[in-house]
Amino acid sequence: MKIALDAMGGDNAPGVTVEGALQAVGEYDDISVELIGNSDVLWKRLKAEKNYDNKRITVKHASEVVGMDEATSQALRKKKDSSIRVAVDMVKKGEAEAVVSAGHSGVAMATALTILKKAQGVDRPAIAVLMPMVKGRFLLIDAGANVDCKPDNLLQFALMGSAYYKAVYGVNEPKVGLMSIGEEDTKGNELTKEVFKLLKTANINFIGNIEGKDVFTGLADVVVCDGFIGNTILKVSEGLADALMKMLKAEISGSFSSKLGYLLMKPAIRGFRRRTDYDESGGAPLLGINGTCIICHGRSTSKAIKNALKVANQLAKVNINKIISEEIAMSHKQMKEQQIAEG
């Protein structure tokens, strides 16, 4: 399966993007990668490798690069030959099954939405991020694509998240929780109160409101919120994980007994770091568009790029957005039937 990789996108591109592609092709037999960007730069980097499969890693030239500080509207309008634009175009033309980018996330989202369009029945695509919990991982949706939302938008996020979790983890009825400030259905702002009513009648395993203290406990497999709240949860979680590791290192360096204890706990600490490491998940899918698009952190490492390519391959295989459209259509049908039955 061919994946178009925005090789010029990210803080450390194209070094980490090329290396991530090489790692992915080396580990997964069913992945091939088209590197999109300045062909001279990319070929020079590839030729430095003694052994690589030149049939499974290829290059497509793009003359422009979108900077991380550029305005989304200007980049869309003026940079028609940017690496992210060319990569998304490949998916549109059927030349690639998915696109991965660690570049400007706003431009990546806007380009994917403009070119690939929304999947049938979807009002607003959403970013879905897998995050660690006590056992396994939960899905946070929306993680930043939609700051201002209506109740129907969050209903669709719940349907998309549930469909994703079923497809990726094989869980028949993933537990869906609504992010709020209290467990009771009367708690929250006007948005969450209205969403609660909709989710109660939706064809999903809705468990009710979930508070911040329970997000990482495993109470819910899918946590639903607007993009403002979701992105805040994501960024606070990333910062907390980094801060905990720094505080732990400071405590360890304090005394001989602490250093001795660290040696005994080293395997457990390494496991904790791996579970909270963004690189393990690689990137977040933009759900609800006609195609597979994975958006990575700007400071992604080669390992993160490799895992993002793995996720892109997996989602393209199951055709996740077709599944989402079917789930939304079924939900709409059931809600209409229920309204008719209630008179």
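Residues numbered from 1 in each chain as written. Predicted model: local features only at pLDDT ≥ 70, side-chain atom pairs only at ≥ 80, totals over all residues. Heavy atoms only, no water.

1. Focus on unusual backbone geometry
And then number 1: Cis peptide bonds are those with omega within 30 degrees of zero, and the linkage from Ala13 to Pro14 qualifies with 0°.
And then number 2: Relative to the helices and strands, Pro14 resides in the loop between strand E1 (2-6) and helix H1 (15-27).
And then number 3: The residue after Ile141, namely Asp142, is reached through a cis peptide bond having omega 10°.
And then number 4: Structurally, Asp142 is set in the loop between strand E6 (137-141) and helix H6 (151-169).
And then number 5: Of note in this structure, Lys117 is not a glycine but carries a positive phi near 70°.
And then number 6: For Lys117, the position within the fold is in the loop between helix H5 (105-116) and strand E5 (126-132).
And then number 7: Since its relative accessible area comes to 46%, Lys117 is described here as partly exposed. (Helix = DSSP H or I, 4+ residues; strand = E, 2+ residues; numbered from the N terminus. Buried < 20%, exposed > 50% of the residue type's maximum accessible area, 1.4 Å probe, protein only.)

2. Here we look at the environment of Gly121
And then number 1: Structurally, the position occupied by Gly121 is in the loop between H5 and E5.
And then number 2: Classification of Gly121 by relative accessible area gives partly exposed; the value is 37%.
And then number 3: Separated by 60 residues in sequence, Gly121 and Ile181 have C-alpha atoms that sit 30 Å apart.
And then number 4: With residues near it in sequence (within four places) discarded, Gly121 still touches Gln156, Ile328 and His332. (Contact = heavy atoms within 4.5 Å.)

Function-wise, these values are silent; they only describe arrangement.
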